[in-house]
Amino acid sequence: MVFPRAALAVTGVVTETLRTADSGEQKLKGFCGSCGSPLDNKPLSKPDMLGVYVGTLDDPSDFKPDLVMFASRGHAWDHLDPALPKIPNMRPSK
């Protein structure tokens with residue numbers, strides 16, 4: 001899920017590594033400093049935005065998606081809501 005960085009407060013140690021996204025843009029990928037679980041993505045080109053892995057939520061059932069990103073990478077066991085708009089993949093930025 002993606003939202004403004006200011007909407008999130010993180011407690012604890014987050015370890016970050018610099019990665020290149022499919023778009024070619026650089027992003028910081030955050031991991032739990034204790035167990036290594038993936039936590040978030042911070043695109044350097046959009047410093048006010050943050051992507052958080054739904055599995056990091058205390059109650060992921062509260063998450064209600066508005067759209068599906070990278071729908072072309074879905075797995076057969078991941079049954080996406082057919083009513084949600086889908087973006088098949090992300091294109092490189094221009």
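The coordinates are above.
The sections below set out a description of the structure shown in this document. Residue indices begin from 1 for each chain and proceed along its sequence in written order. Local features in this predicted model are restricted to residues of pLDDT 70 or higher, and side-chain atom pairs are both shown and tallied only at a pLDDT of 80 or more, whereas totals for entire chains, interfaces and linings draw on every residue. Side-chain metrics in this entry use all non-hydrogen atoms of the structure; hydrogen atoms and water are not considered.

## Quick word on the overall build of the protein
The helix count covers DSSP runs of H or I at least four residues long, the strand count covers runs of E at least two residues long, and both are numbered beginning at the N terminus. Helix and strand counts for the protein stand at zero helices and seven strands. In sequence order, the secondary structure elements of the protein are arranged as β-β-β-β-β-β-β. Seen through its principal axes, the protein has C-alpha atoms that stretch 35 × 35 × 25 Å. Looking at the protein as a whole, 14% of its 94 residues qualify as buried. The contact criterion used throughout is that any non-hydrogen atoms of two residues lie within 4.5 Å. Expressed as a percentage of contacts within the protein between residues at least 6 apart in sequence, the contacts between residues at least 24 apart total 27%. Exposed residues in this analysis have more than 50% of their type's maximum accessible area, buried residues have under 20%, and partly exposed residues fall in between, with area computed by a 1.4 Å probe over protein chains only.

## Concerning the pairing of strand 5 (residues 49-52)
Whether two strands pair comes down to DSSP finding at least two bridges between them. With three bridges joining them, strand 1 (residues 2-4) and strand 5 adopt antiparallel strand pairing. Considered in strand 5, the bridge of Phe3 is made with Leu50. Pairing analysis gives two bridges linking strand 4 (residues 38-43) to strand 5, with the strands arranged antiparallel. For Asp40, the partnering residue across the bridge sits in strand 5 and is Val52. Remark: five residues form the turn of the hairpin made by strand 4 and strand 5, two consecutive strands paired antiparallel.

## Focus on the sheet that holds strand 5
Across a sheet, paired strands are connected by hydrogen bonds in the backbone, their directions being either parallel or antiparallel. Reading across the sheet, the five strands line up as 1-5-4-3-2 and stay open at both edges, with antiparallel pairing between neighbours. The open sheet has two edge strands with one neighbour each: strand 1 and strand 2 (14-20). Between one strand axis and the next, the sheet turns through 30° on average, direction left out of account. Sheet analysis places strand 3 (residues 26-32) next to strand 4, joined by five bridges and oriented antiparallel. When the bridges of strand 4 are listed, Gly30 appears paired with Asp40. Lines fitted to the C-alpha atoms define the axes, with helices restricted to the stretch that makes contact. Angles between their N-to-C directions range from 0 to 180 degrees.

## Section: the environment of Val10
With respect to the helices and strands, Val10 occurs in the loop between strand 1 and strand 2. Overall, Val10 belongs to the partly exposed group, its relative accessible area being 48%. When the C-alpha positions of Val10 and Met49 are compared, they lie 15 Å apart, and in sequence the two are 39 residues distant.

## Focus on a nonpolar patch on the surface
On the surface, Val2, Leu67 and Met69 cluster together into a nonpolar patch covering about 260 Å² of accessible area. Mapped onto the secondary structure, Met69 falls in strand 6 (residues 68-69). Classification of Met69 as partly exposed rests on a relative accessible area of 40%. Every patch collects residues that have over 30% relative accessible area and no salt bridge, joining them within 9 Å if they carry like charges and within 5 Å if they are nonpolar side chains (Val, Leu, Ile, Met, Phe, Trp, Tyr). All accessible areas in this document rest on Shrake-Rupley with a 1.4 Å probe, and a residue is counted as covered only by the protein chains that are shown. Definition used for salt bridges: Asp or Glu carboxyl oxygen within 4 Å of a side-chain nitrogen of Lys or Arg.

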